[in-house]
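An overview of the molecular structure
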Amino acid sequence: MMIPIKEIRKKDLPKVGEKAYNLSKLKSSGYLIPDGISIIEGLYRNFINETGLIDKIRMELARRELSAMRWEELWDTSLRIRNLFLRTEIPQNIYIKLRQGLSGFSDIPVVVRSSAPGEDSSNSSFAGLHESYVDIKGIDNIITHIKLVWASLWSDRALLYRKELGLDPWKSSMGVIVQELITGQVSGVAFSRDPTEKYQMVIEAVSGLNQDLVDGKIEPERWMLDIENGSIKERYNNKKTSLLDERELNILYNTLKNLHEEYKFPIDLEWTIKDNKVYLLQVRPITTLTGEGGEEKLWEKEDKRPWYRSLTKSFYTLKDMQRRIEEEILPDMEKAAAYMKNMDISSIDNLSLSKEILRRIELYEKWHNIYWQELIPFAHGVRLFGKIYNDAVKPTDPYEFTELLKSDNMISVTRNRSFLSLIKKIKDDPVLYKKLKNKIFDDTSLDFFEALDFFMHHHGNSSYRGDSLLANKKDVLRLILNMADIDIDFEEEYKDISDLENKFLSAFKTDQQDFAKDILNLARISWRIRDDDNIYLGKLESALLDSVNQGKIRLSINEKVTPYTVAMMLADPDYSPRVSVDTKSSPLPSNDKQKRNKLIKIATIDKNSEMRMRKFTGQPAGPGIGIGKSRVIQSQKDIFLFKKGEVLVCDAIDPNMTFIVQFASAIVERRGGMLIHGAIIAREYGIPCVTGIDNATEIIETGVTLVVDGYTGTVTIKET
């Protein structure tokens, strides 16, 4: 089940994987490599088969077609699978073999690396997509990290990459390398061809271990070498002294040149220097394709790994993102929205209004792009914490960590609390309730309307699907009165999470406590901003819509037209757009670019199929079981028809509409993922939630009774 690296031969390649085989080739060629062993992929297969883990993995991936999953859903799936690996005990017979094979590493720190068959071949390179762990001590700890390397076969990054290459994940397997950790004084990576210039090599170096370079903690020293003679073409370094001397650079140059000739295409090399000796840690070919005329294309144009690797952000990168978001982006968005809200657009002439609409279009598009490029990626703070929490605590519920992230400071929660207080004012005053029901507005209702105006002023500038949402006071008042007709518990439930927080922190040693607290704080900010960001963006969208609606009033237009069309018609009365009316979509960009095809009508399906269509499987996003009549949200009008206790069914929860979510018995969404807004707000209010139900708003009608199981991710239409 285990083979020393130095004893690996070509015939062992299918069992040990390319990475282990490449190390053995380096060893046989006379290069220095750390001592280590290869755990063959057969042991991984034995583990998942003997424990029944393979069936659980199949169940997780059977919730939805892989091709239909958004990458956020794949992340959730991989998180659950990872937790299964963490909580599944290794059978005694496998455990004994591992302990025996690892006995030589009981007292030394090691590196635990992936080596999946096909991982580092000339056709594909999974570099950075599977896990590697550095400075692992103790046999049981090594075994735990072997399981985590096995689990990384099912990471979101690896699944996406296999999908891109057309590889069947069920035919994939995982070998593991355990090597002695060489704590070099200088470490780095090197490329036998520069990604941007094919006639030079690149060598990067940092002090200490390579992990600092991989994690982005420090900027490396970088050399560009001529491929013909190794002369230094350029050197980038902020320090006066160099990390590498001429002899070491020459050794690395010759190594790159020889390996490039041996592999016959560019290679990526990881190395370290200890006591003046250069150790090679791993080598992999860089995937290349051949263009017309046999010309080699630059590898970075064909290698899609950088995109998949970007799905994970390091702690240090996230901290930098946090500073920019909190200190620059959100304040600037708020300032821009406030400026537009306070502008009296009703008093300006048509030409000025046209210019203002165009300015607001440009402003909205600018912030919409920043939202996708910087705010959305910051959600990785939650994902990183979830991974760290589960590794440390190994909870039964893989989403237990979200209990530590709930925040009373979310803008949507603050707004929802204000909305609830308006309902309470009416319920506590029967006389006021009766007058408002009868549309009698006198001095006795003055306090209520002042509170309503305050709510509208602070929270009214929101939008939903290209329409202002809380701008109409009559709609808001009607909904408040309807909610006042039913029983509502106005007491906020307080859940003490101190024990859970202590459980997490106690899993870390004293010298790791500050990091544990920092990553928890970062995750809480990431969780809050993931919900707040859409509300900030919604304010800008609402300001744009206000100017467009003002223009439509002046032009006597009732149809839905694009903002640009309104601006052009205001500037030029003779302007005639090619398509004056846009009835197909919102006038604003949609966050969700994937539009599902409509299902074949159930009437055309046989009886057995119709029975099966009464139960749907998605992603469990909020624990609990909820039962109620469905309310399918297709438009803004449906939001104001919502009644307490109904199951909210929608394409996707928008943070701007969550003032009604607090009254739902459950949530069902088409979009999937733990970090979509519906899942976040469901966790905040303890509402059962299932996401990732394809065509949810088309296969479920308003008024049917639904049973929503947030534990298993199933939604059932109850027989009436």
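Before reading further, recall that the structure is shown in the block above.
Everything quoted here is computed from the prediction, not taken from an experiment.

1. Overview of the pairing of strand β17 (residues 647-650)
The two faces of the sheet receive side chains in turn, since in a regular strand these alternate between them. Judged by which residues are buried, β17 turns out to be covered on both faces: Val647 and Val649 on one side and Leu648 and Cys650 on the other are all buried. Sheet analysis places strand β16 (residues 625-633) next to β17, joined by four bridges and oriented parallel. By the bridge assignment for β17, Val632 is matched with Val649. The handedness of the β16 to β17 crossover, carried by helix α24 (residues 636-641), is right-handed. In terms of strand pairing, β17 meets strand β18 (residues 666-669) through four bridges, oriented parallel. Of the residues in β18, the one forming a bridge with Cys650 is Glu669.

2. Section: the pattern of salt bridges
Summed over all chains, the structure comprises 33 salt bridges. For the salt bridge of Arg113 with Glu270, the shortest nitrogen-to-oxygen distance reads 3.8 Å. Pair noted here: Arg113 is in strand β3 (residues 110-114) and Glu270 is in strand β10 (residues 267-274), with a separation of 157 residues, a long-range link. Residue class for Glu270 comes out buried when judged on its relative accessible area of 14%. The salt bridge partner of Arg478 is Asp475, with a shortest N-O separation of 2.9 Å. Linking Arg478 with Asp475, this pair stays in helix α19 (residues 473-484), spanning three residues, or about one helical turn. Residue classification places Arg478 among the partly exposed residues on the basis of a relative accessible area of 44%. For Asp475, a relative accessible area of 19% translates into the label buried. Each of Arg323, Arg324, Glu327, Glu328 and Glu374 takes part in salt bridges that share partners, so that together they form one network.

3. Here's the deal with the sheet that holds strand β6 (residues 186-191)
Strand pairs in the sheet, formed through backbone hydrogen bonds, run parallel or antiparallel to each other. Strand order across the open sheet formed by six strands is β9-β8-β7-β6-β10-β11, with antiparallel pairing between neighbours. Looking at the sheet topology across the chains shown, the edges are occupied by β9 (232-236) and β11 (277-285). Neighbour-to-neighbour, the strand axes of this sheet turn through a mean angle of 15°, independent of strand direction. Inspection of the sheet shows β10 paired to β11 by eight bridges, in the antiparallel sense. Of the residues in β11, the one forming a bridge with Lys274 is Lys277. Each of β6, β7 (200-207), β8 (221-226), β9, β10 and β11 is contacted by helix α10 (residues 246-263), which is oriented at about 150° to β10, the strand it contacts most.

4. Digging into the packing of aromatic side chains
Here the structure, examined in full by the defined rule, presents 17 aromatic pairs. Aromatic side chains Phe315 and Phe515 sit 5.3 Å apart centroid to centroid with 70° between the ring planes, which places their arrangement in the edge-to-face category. Placement of Phe315 in helix α13 (residues 315-341) and of Phe515 in helix α21 (residues 513-555) is noted, with a sequence separation of 200 residues between them. Its relative accessible area of 32% is what places Phe515 among the partly exposed residues. Between Phe448 and Phe449 the ring centres are 5.5 Å apart and the planes differ by 75°, which places this aromatic pair in the edge-to-face class. The residues Phe448 and Phe449 share a single accessibility class, namely buried. Taken together through their ring pairs, the aromatic side chains of Phe385, Tyr389, Phe401, Phe504 and Phe508 make up a single cluster. Residue placement shows Lys25 over the ring face of Tyr263; its charged tip is 4.6 Å from the ring centre.

Cut-off values and rules
- Residue positions are given per chain, counted from 1 along the sequence in the order it is written.
- A pLDDT threshold of at least 70 governs which residues receive local features in this predicted model, and a stricter bar of 80 or more applies before side-chain atom pairs are shown or counted, although totals over entire chains, interfaces and linings include all residues.
- Note that the side-chain values use all heavy atoms of the structure and ignore hydrogens as well as water.
- For the exposure calls, accessible area comes from a 1.4 Å probe over protein chains only, and a residue counts as buried if that area is under 20% of its type's maximum, exposed if over 50%, partly exposed in between.
- Segments assigned H or I by DSSP are reported as helices when at least four residues long, segments assigned E as strands when at least two residues long, and all are numbered from the N terminus.
- At least two DSSP bridges between two strands are needed for those strands to be called paired.
- A crossover counts as right-handed when, viewed with the strands pointing away from the observer, the path leading from the first strand over the helix to the second turns clockwise.
- One speaks of a salt bridge when a side-chain nitrogen belonging to Lys or Arg is within 4 Å of a carboxyl oxygen belonging to Asp or Glu.
- Helix axes are fitted to C-alpha atoms over the stretch in contact, other axes to C-alpha atoms as well, and angles between N-to-C directions run from 0 to 180 degrees.
- Two residues qualify as a contact provided that any one of their heavy atoms is within 4.5 Å of a heavy atom in the partner residue.
- Working definition: rings of Phe, Tyr and Trp (its six-membered ring) pair if their centres are within 6.5 Å, and the pair is stacked with planes under 30 degrees apart, edge-to-face with planes over 60 apart, and tilted otherwise.
- Comment: the charge-over-ring label is applied if NZ (Lys) or CZ (Arg) is within 6 Å of the ring centre and within 35 degrees of the ring normal.

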